[in-house]
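Spelled out from the first residue to the last, the chains are:
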Amino acid sequence: MCAEWEDYPTFRAWALAGAYAYHLTNERVDNDGNYDPGNCRWIIGRQQARNRRATHRITIGGETRSLAEWCERQRLPYARICARIHKLGWPAPRALNMVASGGRKG
């Protein structure tokens, strides 16, 4: 953390001048950078969790998203898609585009 933020009133002023809200978390834009005003932003916790290094990212048609985002976007059950990829060894595009019997995805 930068020395500037060791002074709570300074950190509080930065937070309130930005997009701070009770339901948001402080995230570093560059994970290798410091916690400082030029490298931090306020985002929702779900999005912060998807920005972790360990997040499974998939590129389809030149578009990269987390597996959770692809599932959410296509209204597919995350656990089922994970099982297809990790247990059955399916490539991600196949796992995400498979249509079950009855005409529904999933």
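Up top is the structure these notes are about.
Described in the following lines is the structure provided in the data block. The model shown is predicted, which means the values in this text are computed figures rather than measured ones.

**Focus: unusual backbone geometry**
And then number 1: Unusually for a residue other than glycine, R75 sits at a positive phi of about 55°.
And then number 2: Within the fold, R75 resides in the loop between α3 (67–74) and α4 (78–87).

**Some details on α4**
And then number 1: Of the residues making up α4, those classed as buried are I81, C82, R84 and I85. What you see down the axis of α4 is that its buried residues fit within an arc of 160°, all on one side. Counted as exposed and oriented over 90 degrees from the buried face of α4: A79, H86 and K87.
And then number 2: Buried residues in α4 make contact with β3 (57–60), α3 and α5 (92–97).
And then number 3: Just downstream of α4 lies G89, where phi reads positive at about 75°.

Basis of the calculations
- Position numbers for residues count from 1 along each chain, tracking the sequence in the order it is written.
- The predicted nature of this model means local features are confined to residues of pLDDT at least 70 and side-chain atom pairs, given and counted, to a pLDDT of 80 or more, with totals for whole chains, interfaces and linings taken over all residues.
- Here the side-chain values reflect all heavy atoms present in the structure, with hydrogen atoms and water set aside.
- Each helix is a run of DSSP H or I of at least 4 residues and each strand a run of E of at least 2, with the numbering of both proceeding from the N terminus.
- Buried means the residue's accessible area, taken with a 1.4 Å probe over protein chains only, is under 20% of the maximum for its type, while exposed means over 50%, and partly exposed covers the values in between.
- Starting at the helix axis, one direction is taken to each C-beta atom, and the arc is that of these directions.
- Contacts between residues were defined by any pair of non-hydrogen atoms, one from each residue, lying within 4.5 Å.

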